[in-house]
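Tertiary structure, described
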Amino acid sequence: MSSDADQLQAVIRDAAGRLGIVFSPTEIENGAAQLLLILNSLDELGETPMEVEPTAFLHFFDAEPPPS
Amino acid sequence: MTHEIVGLDATALVERVKARTVSPIAAIEAYLERIAARNPTLNAVVTVTAAQAMDRARDLERRLAGGQNVGPLAGVPVVLKDIIYTKGIRTTMGSRVFSDFVPSHDAAVVERLQRADAIVVGKAHTHEFAYGPTSANAFLGPCRNPWDIDRIPGGSSGGSAASVAAGLSLVGLGTDTGGSVRVPAALCGVVGLKPTYGRISRFGIFPCSWALDHVGIVTKSVRDAALVLSTLAGRDSRDLTTSRSSGYAHYRADPGQLRVGVLLEHISEPMDEDVRSAFQAAMAETSGVVAQVLDVSIPTNAYARSVSTAITALDSLLVHEQLLRDRGPEYGQDVHGRFPLAVGLTARDYVRAQQARTRIIVETSDVFTRVDVIASPTVPIPAPLIGTDEIVLNGQTRSVPAVLSILSRLGNLTGAPTITVPYGRSSIGLPIGLQLMARPGQESALLALAEKVGASWTQLPH
């Protein structure tokens, strides 16, 4: 976990350097911790099979509800 | 007379202005007096537009005296979140970076309000760049909750909600990217409506997230929210996300025909016991009003916070990249500190977040084949004390900003219309909100049910 966070701190430092944006060490440390949580969350969801047939989605954005 | 005027909602005020039993001049004077008396404590209005407001009130009075037709919001005092551009009036975005910025044009919503004869009385406090849920702000100072000035009003549209709750205005416009209208409306005990994505033009409003930003409406009553929505909704060629559909007709739905789903993932979140009790009472009342109340589940809602945070972070970086390079040290610490996450995310992560968002929408749309409205509390806690970073809920320590918006992000990710209405008070008298969400385009169902079960705001907090 901590080595992941360390790697992500390096990722943030590199990206910030390319963009020319200055962050404090604390901001980078906190940002890496948040980034780790989000990436883990996206990984987890990506591995979860979807249980809902997406047919209802076809009508979701219609102005009127589908006929019941 | 002042007390009588401030006790009306917008719908009642318009009726009296049109009937010429209340002068728009007297109405605006009453609200400016309230602002002068209460705002030094609350810090809800950051720029008072008294001279412009009185000019408009006098013009409206002249037209009424001349027998001319006036607009549907005639004489209604409005505050605008200070990220909404107002021609010739300072618009700070709640940031030192824009401390002296004066727009050369009005936002689309300002144009529509003025055509409707609403009267802008001030610009409202915001979390810096609308990027946070507390309304803590190093540049403007904190905005305070009218029910307890030691507590936050919520955010980011904290000034809009606090203004309406305290009787400084009848309408507050705000923006809602992850709950920024509904959270403060709930914590301040007023109505907060986030319409369907694309319902109201965002032209002339400083963006937070292109994908998730919505204009929202804060009012005293549900009927006022419907009235304001009807004046703001519609296509605007300057905001290509706006809908061509005008398919909104409030109160068309019969609450007795509606099926209401209680969202299990929301009510299983750690929650203040007063909020839980109020929600249970709300559902008990609702079950006597609607056709059916049943439990529903959206399992991927567990990922809503991560998905919403990732999308908002990268959308915001696109907006702020140059400003961070040029004027980064002028940002407040908490907002500046949000951007390291953004620069660490990649295009691949953004696509994955959007794919995840689609899964959440698919599951939500499936639920809406079984119910017409999804219900939950709006916020798991009543307003916390200013400066509180963490809170213990059901034995778990949680970050206050994360808790504030945990129940509101689904509405932004799906684009579905969502409203909060006051429902109950905590044991120490703080407001609690009930959140209702319908399918995109179905504001009518929301408004009809909210009108039926939501508590009307009947008194000023002080």
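Residues numbered from 1 in each chain as written. Chains lettered and ligands numbered in written order. Predicted model: local features only at pLDDT ≥ 70, side-chain atom pairs only at ≥ 80, totals over all residues. Heavy atoms only, no water.

**Description of the nonpolar core**
Residue and element names in this part refer to chain B. Formed by 155 residues in total, the largest nonpolar core has its most connected members in Val109 and Leu173. Here this core gets 9 residues from one element, more than from any other, and that element is helix α11 (residues 304-327). Counting 11 residues, the second-largest nonpolar core is a separate cluster that includes Ile152, Val183, Ala186 and Ala383. (Core = buried A, V, L, I, M, F, W, Y, C linked by side-chain atoms within 4.5 Å. Buried < 20%, exposed > 50% of the residue type's maximum accessible area, 1.4 Å probe, protein only. Helix = DSSP H or I, 4+ residues; strand = E, 2+ residues; numbered from the N terminus.)

**What about the confidence of the model for chain A?**
Caution applies to low-pLDDT parts of the model: their predicted coordinates are not meant to be read in detail. Mean pLDDT over chain A stands at 85; residues scoring 70 or higher make up 78%. Mean pLDDT values for the elements of chain A range from 70 in helix α3 (residues 57-60) of chain A up to 95 in helix α2 (residues 25-46) of chain A. (pLDDT = per-residue confidence, 0-100.)

**Some points on the pattern of salt bridges**
Residues and elements named next belong to chain B. Using the criterion set out here, one finds 20 salt bridges over all chains in the structure. The salt bridge involving Arg223 is made with Asp9; its shortest N-O contact spans 2.7 Å. Note that Arg223 is positioned in helix α8 (residues 222-232) and Asp9 in the loop between α1 (2-6) and α2 (10-19), a separation of 214 residues in sequence. A salt bridge links Glu273 to Arg276; the shortest N-O distance between them is 3.9 Å. Residue Glu273 and its partner Arg276 are located together in helix α10 (residues 273-287), separated by 3 residues, close to a single helical turn. Its relative accessible area of 46% is what places Glu273 among the partly exposed residues. (Salt bridge = Lys/Arg side-chain N within 4 Å of Asp/Glu carboxyl O.)

**A look at the pairing of strand β4 (residues 171-176) of chain B**
All names here are of chain B. Counted residue by residue, β4 has 6 buried out of 6 residues, so it is predominantly covered. Burial of β4 is two-sided: the residues Val171, Leu173 and Thr175 facing one way and the residues Gly172, Gly174 and Asp176 facing the other way are all buried. The sheet contact formed by strand β2 (residues 77-81) and β4 spans 3 bridges and is parallel. Bridge pairing links Val78 to Val171 in β4. (Pairing = 2+ DSSP bridges.)

**Quick word on the sheet that holds strand β7 (residues 259-263) of chain B**
Residue and element names in this part refer to chain B. Judged by pairing direction, the sheet is mixed, and its 11 strands sit side by side in the order β1-β3-β2-β4-β6-β5-β12-β13-β9-β7-β8 without closing on themselves. Because the sheet does not close on itself, it has two edges, and the strands there are β1 (45-48) and β8 (292-296). Here the strands of the sheet are splayed against their neighbours by 30° on average, with no regard to which way each runs. Pairing analysis gives 5 bridges linking β2 to strand β3 (residues 119-124), with the strands arranged parallel. Looking at β3, one finds that Val79 is bridged to Gly122. This element, α10, spans β7, β8, β9 (373-377), β12 (418-425) and β13 (431-438) of the sheet and lies at about 50° to β13. (Axes fitted to C-alpha atoms, helices over the stretch in contact; angles between N-to-C directions. Contact = heavy atoms within 4.5 Å.)

**Points about the interface of chain A and chain B**
Taken together, the contact pairs 36 residues of chain A with 40 residues of chain B. A combined buried area of about 3400 Å² lies between chain A and chain B, and 67% of that area is made up of carbon and sulfur atoms. Looking at the side of chain A facing chain B, the largest losses of area belong to Leu42, Leu45 and Phe60 of chain A, adding up to 22% of the total buried there. A salt bridge links Arg352 of chain B to Asp43 of chain A; its shortest N-O distance comes to 2.6 Å. Linking chain A to chain B there are 7 residue pairs in polar contact (both at pLDDT 80 or more). Those elements giving two or more residues to the side of chain A that touches chain B turn out to be α1 (2-19), α2 and α3 of chain A. (Buried area = accessible area lost by both parts, 1.4 Å probe. Polar contact = N/O pair within 3.5 Å; in protein donor to acceptor, adjacent residues only side chain to side chain.)

**Regarding the packing of aromatic side chains**
All names here are of chain B. In the structure shown here, the tally under the stated rule is 8 aromatic pairs over all chains. Between Phe98 and Phe206, the aromatic rings sit 5.6 Å apart at their centres with planes inclined by 65°, giving edge-to-face as the arrangement. With Phe98 in the loop between β2 and α5 (108-115) and Phe206 in the loop between β5 (191-194) and β6 (214-219), this residue pair connects regions lying 108 residues apart in the sequence. Between the aromatic rings of Phe129 and Tyr331, the centroid separation amounts to 5.2 Å while the plane-to-plane angle is 35°, which identifies the pairing as tilted. With Phe129 in the loop between β3 and α6 (158-165) and Tyr331 in the loop between α11 and α12 (333-336), this residue pair connects regions lying 202 residues apart in the sequence. With respect to burial, Phe129 and Tyr331 carry one shared label: buried. In textbook terms, an aromatic cluster arises when at least three aromatic residues are bridged by ring pairs, as seen for Tyr85, Phe98, Phe101, Phe129, Tyr131, Phe206, Tyr331 and Phe339. (Phe/Tyr/Trp six-rings, centres within 6.5 Å; stacked < 30°, edge-to-face > 60°.)

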